[in-house]
Amino acid sequence: YFSNNDCDDDEIAKMKQSHSSKKPSFLNKINGTMPWLPGLMHGSSAPNIVKAPILFMEASFRGIAQVFFQNNPLSGMLILVAMFVQSSRVAVHGIIAIVCGNLSGLFMGFDKSFLSCGLFGYNSFLVGLAIATFDSAEMHMGYNWSAAIGVIITSYFSSVLFVMLGKMLAPYKTPPFTLPFNISTLAFLLVMKQITRNEVNEEPLVSVAANPLTAKAFFAGSIRGVGQVFLANNIISGVLVLVGIMLCSRISAVAAFVGSLVGTAVAALVGEDAAAIENGLYGFNSSLTLTAMVMFYVPSLGSVSFGIVASVVTVFVQLALAETLRVYGLPFMTLPFCLAALVFIVIQGTTSNVISVPLSSMTTPEDHLKRVKRLSAGFDLLFGAIRSSSYKGDLRKSWKSVVGYKKGGTKRMSSVLEEYDEEVHGVEESGGFFNCCKQLFGSSSRESRIKNIQQSFRMSVAMKNRALRDEKVSYSRMFTYIDKNDDHEITKSQFEEFLRSFGLDDEVGLDFALEAFLLMDLDGSGDIDLDEFIAFAKISRHMPAIRSLAVKFFDFVDVNGDRAVEIAELDSACQYLNLPPISDDDRGSLNALCNEDDELEFDMIVNFVTIFKLKSIIKEYQEKGDSGHNLDESLRSSVRI
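Residues numbered from 1 in each chain as written. Predicted model: local features only at pLDDT ≥ 70, side-chain atom pairs only at ≥ 80, totals over all residues. Heavy atoms only, no water.

Q: Mind showing me how you'd approach the overall build of the chain here?
A: Each helix and strand in the chain was counted, giving 31 helices and 4 strands. Looking at the chain alone, contacts between residues at least 24 apart form 76% of all its contacts between residues at least 6 apart. On the chain, roughly 28,700 Å² of surface is accessible, and the fraction owed to carbon and sulfur atoms is 60%. (Helix = DSSP H or I, 4+ residues; strand = E, 2+ residues; numbered from the N terminus. Contact = heavy atoms within 4.5 Å. Areas by Shrake-Rupley, 256 points an atom, 1.4 Å probe, with all protein chains shown as cover.)

What follows is the structure, given as C-alpha cells:
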C-alpha cells in the first residue's frame, strides 16, 4: 500500500514537485535508503562503461548493510571499514565474496531489483568473512589460494540458495535471512574437514582476559555483540557497525544494541563463561533478532515485546545448538537467529497485536511507522466524513452541488483568489490568506486580468510595509475591501459580488464559494463579522496541509495507481492495519459516492474528506468558544501527522 505510483493528476503532481523542490539537508540525503542515488547515476550523461561499475559497487555496499536489514550504501561502507579495523585479510575475502555473489546473480539472470537492493550480496559477504576467519588467525597476512577459491565457490552457492529458500518461504511472506550463509558455510567446513572450533569462538582474535564479569566487561560485550554479526570482536569495529546502522535508521541501531544487551544479560544470568560474554558471543544473534522484529513489524509496544521475547529465545536456541554442534566441531554462526526469528516472523497475519510490513514495501522502521500513522489518520478522516450527518442521503449528489466537484469551477475560484492576493501582497508574497486558499481550491496560475482596480483596493499594497504586517491588520484590510457598506459585516450577496467582480460567474464556482461562506459563518447569523473572518483565515492557512494528508492516504490505498479508489483497496488497507472490516452502513455510504464504475474518484473523495475535516474543526471551535490562540493549537494538532 506504500508504493509511490506515478501521478497524472495535475494538482497532485504539482504538490509532489513542490515537495521535491525543497532542498533536503545533507543528513537527510544520506539518511534512510538513499533512493535518489541510483536514479542520479542512471540519469547522468556518463557512458555505461563508467556507470555500470559504480552502480555495481553501490549495490555491493548495500549488500554489506543488508546483513542488518539496512538498504543504505554508506552504512555498508562504514561496516566495511569496521571489517578492515578488525582484519584486512578477512575484509578482503569479504569483498571477493560479495563481488562473486552479485556477479552470480547477474550471470544467472535473477531479478535485477534484488541485486540493486543488495539482496544477492549479504549472504555472500558473510561467507567470505567466515571462511577467512576459520581458515587462519592472521589479521593482515596469511593469504592462500585455497581459501580464496573456497570463498568464490561457496559465495556463488549461497546466492543460488538465497533464491531457492526465498521461493520456498514466499507463501509465508518471510525472507530466508542468513540461512544461505549458514548452510553453504557449514557445507564448506564439512567438505574441507575444517571442523574444529575457530579462534573467534575459543581464542578471540583480540585477546580478552578471562576475568570475572564486571559492568565494564558486560557493556563491552554488548558492543562487541553487534560487531560479532560480522565475526569481528574488536570493540571499535562494533562501534563502527552501530554508527553505520544509525546512519540508515536510528530505531534499527537502538534495536541492534538492545538486542545484544538482552542476549548478553541472559547469558550472564544463566552463568555462561565471562570471557565469551565479554567477547560478544551471546549478543550477536539476539541483536539480529530484535532488529528483524522492528523491521518486519511496524515499531510498537507489541513488536518490541515480541522482539525481546524472541531475543531471549534466541540465546537458548544458541546454547542448544552450541552443545549439539560442539560434537562435530562446527560453529553455530547465525543459525540461532534464523531459527528463532523465523518462528516469530512466519506467524505474521495471525495476531492483531502487531502490524506486519510487506516485503515489497520495506524501507526503514521510521518510514513504516510514519506511513501507518498516515493510513490510520486517513481512515479517521474517511469514516468521520461518511458518518457525518451533514452528508446523509444522496451523498454524491449533495457533494457535487455543494462544493463544486467539477475541476473547472475550482480552477476559476483559484484564479479569483490568486488575482486578489497579488493585488494585496504583490506577486512575491506567498503567505497570505487567499494564497493559502488557492492551494486548496486549485493550482491554476495566470497573470492578473484586472487592469482598472479601485483605488481603495490598491492602497492595501501598503501592507508590504513591515509595520503593517500584523495578522489582524492584514485581515482587517481584506475584510474592509469586501464590506462595501461599511457596516462591519459581510453578507452573502457582498461575498458573491466580490467573487463576480473578479470574473467568477459560472454556477459551479459560485456553489463552491457559497460553501466557503457557510464555513466562515460560525454563529449561523447569515453574515460574517471580522472575528469570524479572522478565524476562517487562520483555518484556511491549514487547508493545504489537511488536503495533503487526505491525498497521501488515498495515494497509499490506491495500489494500482489508476487515480481511483476501489472498495476492495480500502478493505485490503483495513486488513493490513488489523482494523475491523468496513461495516455495512459505511460500505453503503461509500458505494453512494462511487461513480458508474463503482470507484471513488480520487479528486472527489479527497475534496470530500477535506471539507469534512474543516467543518469538524470549525464545529469544535464553535462549541468550545476557544480564543484564536487555542484555535491555532487545535489546527496544528489536526495536521501534525
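Q: Mind showing me how you'd approach the pattern of salt bridges here?
A: It is possible for side chains of opposite charge to pair when their charged atoms get near one another. Applying the stated criterion to the full structure yields 4 salt bridges. Here Glu323 ties to Arg326 by a salt bridge, and the two come within 2.8 Å at their closest N and O atoms. Pair noted here: Glu323 and Arg326 are both in helix α16 (residues 301–326), with a separation of 3 residues, about one helical turn. Judged by its relative accessible area of 52%, Glu323 falls in the exposed class. Its relative accessible area of 43% is what places Arg326 among the partly exposed residues. (Salt bridge = Lys/Arg side-chain N within 4 Å of Asp/Glu carboxyl O. Buried < 20%, exposed > 50% of the residue type's maximum accessible area, 1.4 Å probe, protein only.)

Q: What is the right way to look at the layout of surface pockets in this model?
A: Gaps left between atoms are located by rolling a probe of water-molecule size over the structure's atoms. Within this model, the second largest pocket holds a volume of roughly 400 Å³. In this structure, the second largest pocket is lined by 16 residues; those nearest its centre are Lys173, Gly349, Ser356, Gln575 and Tyr576. Of the residues that constitute the lining of the second largest pocket, the class distribution is 8 nonpolar, 7 polar and 1 charged. (1 Å grid on protein atoms, 1.4 Å probe; cavity = no way out; pocket = protein on both sides within 12 Å on 5 of 7 lines; lining within 4 Å. Points joined across faces, edges and corners; volume = space filled by probe spheres on them. Nonpolar A, V, L, I, M, F, W, Y, C, P; charged D, E, K, R; others polar.)

Q: What is the right way to read the side chain of Thr363 from this model?
A: For Thr363, the position within the fold is in the loop between α17 (335–346) and α18 (365–386). Residue class for Thr363 comes out buried when judged on its relative accessible area of 19%. Within the structure, the side chain of Thr363 is placed 2.9 Å from the side chain of Asp367, a separation counted as a polar contact. Setting aside chain neighbours within four positions, we find Thr363 in contact with Thr33, Met295, His368 and Arg371. (Polar contact = N/O pair within 3.5 Å; in protein donor to acceptor, adjacent residues only side chain to side chain.)

Q: Please explain the packing of aromatic side chains as it appears in this structure.
A: Applying the stated rule across the entire model yields 16 aromatic pairs. Arranged with centres 6.3 Å apart and planes meeting at 65°, the rings of Phe125 and Phe230 form a pair that is edge-to-face. In this pair, Phe125 is assigned in helix α8 (residues 122–135) and Phe230 in the loop between α11 (215–227) and α12 (235–248), connecting sequence segments 105 residues apart. With a relative accessible area of 0%, Phe125 lands in the buried category. Phe230 sits in the buried class, given a relative accessible area of 1%. (Phe/Tyr/Trp six-rings, centres within 6.5 Å; stacked < 30°, edge-to-face > 60°.)

Q: I'm lost on unusual backbone geometry in this one. Help?
A: Positive phi, normally seen in glycine, also occurs at Met34, with a value near 50°. You can see Met34 is positioned in the loop between α2 (26–30) and α3 (36–42). Residue class for Met34 comes out buried when judged on its relative accessible area of 4%.

Q: Even after reading the chapter, I still don't get the nonpolar core, so can you show me in this structure?
A: Counting residues in hydrophobic clusters, the biggest one holds 70 residues, and the most contacted among them are Phe68, Met83, Phe177, Phe230 and Val241. Per element, the largest residue contribution to this core is 9 residues, and it comes from α8. Sequence-distant contacts of Phe230, defined by excluding residues within four places in its chain, comprise Ile64, Val67, Phe68, Ile79, Met83, Phe125, Leu126, Leu129 and Val241. (Core = buried A, V, L, I, M, F, W, Y, C linked by side-chain atoms within 4.5 Å.)

Q: Teacher, can you tell me more about the packing of helix α6 (residues 88–107) against helix α9 (residues 145–169) here?
A: A pair of packed helices is characterised by two quantities: the angle between their axes and the separation of those axes. At their nearest, the axes of α6 and α9 sit 8 Å apart, and the two run at 40° to each other. By the angle between their directions, the pair α6 and α9 is classed as oblique. Judged by the twist between their axes, the crossing of α6 over α9 is right-handed. Along its contact with α6, which presents His93, Ile96, Ala97, Cys100, Gly101 and Ser104, the element α9 presents Ala147, Ala148, Val151, Ile152, Ser155, Tyr156 and Ser159. (Axes fitted to C-alpha atoms, helices over the stretch in contact; angles between N-to-C directions. Parallel < 35°, antiparallel > 145°, perpendicular 65-115°, else oblique. Left-handed = near helix turned anticlockwise from the far one by under 90°.)

Q: Would you mind going over α8 with me for this structure?
A: Residues lying three or four places apart along an α-helix face the same way, a consequence of the helix completing one turn every 3.6 residues. Between its terminal C-alpha atoms α8 stretches 20 Å, which fits the 20 Å expected from 14 residues at 1.5 Å a residue. In terms of residue burial, α8 counts as a mostly covered element, since 13 of its 14 residues are buried. (Expected span 1.5 Å × (residues − 1).)

Q: Sorry, what's going on with a nonpolar patch on the surface here?
A: A grouping of Val81, Val85, Ile235, Ile236, Val239 and Val243 is seen on the molecular surface, where their side chains present a nonpolar patch of about 430 Å² in accessible area. Among the elements that line the nonpolar patch, the one with the most residues is α12, at 4 residues. Checked against the element boundaries, Val81 lands in helix α5 (residues 73–86). Residue classification places Val81 among the partly exposed positions, given a relative accessible area of 42%. (Patch = residues over 30% accessible without salt bridge, like charges linked within 9 Å, V, L, I, M, F, W, Y side chains within 5 Å.)

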